Amino acid sequence: QVQLVESGGGLVQAGGSLRLSCAASGRTFRHYTMGWFRQAPGKEREFVAAIRSSGNTYYTDSVKGRFTISRDNVKNMVYLQMNNLKPEDTAVYYCAGGLDGLGRYDYWGQGTQVTVSS
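A.B. asks: An account of the sheet that holds strand E3 (residues 18-24) is requested, with residue identities and associated values reported.
C.D. replies: Within a sheet, neighbouring strands are paired by backbone hydrogen bonds and run either parallel or antiparallel to one another. Read across the sheet, four strands follow the order E1-E3-E8-E7 without closing on themselves; strand pairing throughout is antiparallel. Two strands bound the open sheet, and with one partner strand each, they are strand E1 (4-7) and strand E7 (67-72). This sheet shows a mean twist of 15° between the axes of neighbouring strands, independent of strand direction. As defined by bridge partners, E3 adjoins strand E8 (residues 77-82) across six bridges and the pair is classed as antiparallel. Considered in E8, the bridge of Arg19 is made with Gln81.

Right under this line is the structure:
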């Protein structure tokens, strides 16, 4: 069982930056693909970024060049550095994890709100 707890959300002006953190429990964290998803009001949850156990990273097109996902396997942490934020980035951001190769995320955090004002 893996538990995920996000932090770091808040209110920021357009063009600003935030760093989201996700603390993971469990001894097998290093074998997990970790991802960030977001859900805006009235919209479906969407993929934002992911990082495999190998360190390979993936991003949705709208955040490429602005967001960076990283992980610390010693501290069992995943981060999402968000720069040049836009009002359309406003959403609840969720951390998720799943074993490499399974193609799914079995564990989810409770979410953290990110609000970008124009």
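Don't stop here, the text continues.
A.B. asks: Account for the packing of aromatic side chains, naming residues and giving values.
C.D. replies: In the structure shown here, the tally under the stated rule is five aromatic pairs. Judged by centre distance (6.1 Å) and plane angle (50°), the ring pair of Tyr32 and Tyr107 falls under tilted. Here Tyr32, found in strand E4 (residues 32-39), pairs with Tyr107, found in strand E10 (residues 107-108); they are 75 residues apart in sequence, far enough to count as distant. When the centroid spacing of 5.1 Å and the interplanar angle of 80° are considered together, the rings of Phe37 and Tyr105 count as edge-to-face. Of this pair, Phe37 sits in strand E4 while Tyr105 sits in the loop between strand E9 (91-99) and E10, and the two are 68 residues apart along the sequence. Residue class for Tyr105 comes out partly exposed when judged on its relative accessible area of 24%.

Definitions and cut-offs
- Residues numbered from 1 in each chain as written.
- Predicted model: local features only at pLDDT ≥ 70, side-chain atom pairs only at ≥ 80, totals over all residues.
- Heavy atoms only, no water.
- Pairing = 2+ DSSP bridges.
- Helix = DSSP H or I, 4+ residues; strand = E, 2+ residues; numbered from the N terminus.
- Axes fitted to C-alpha atoms, helices over the stretch in contact; angles between N-to-C directions.
- Phe/Tyr/Trp six-rings, centres within 6.5 Å; stacked < 30°, edge-to-face > 60°.
- Buried < 20%, exposed > 50% of the residue type's maximum accessible area, 1.4 Å probe, protein only.

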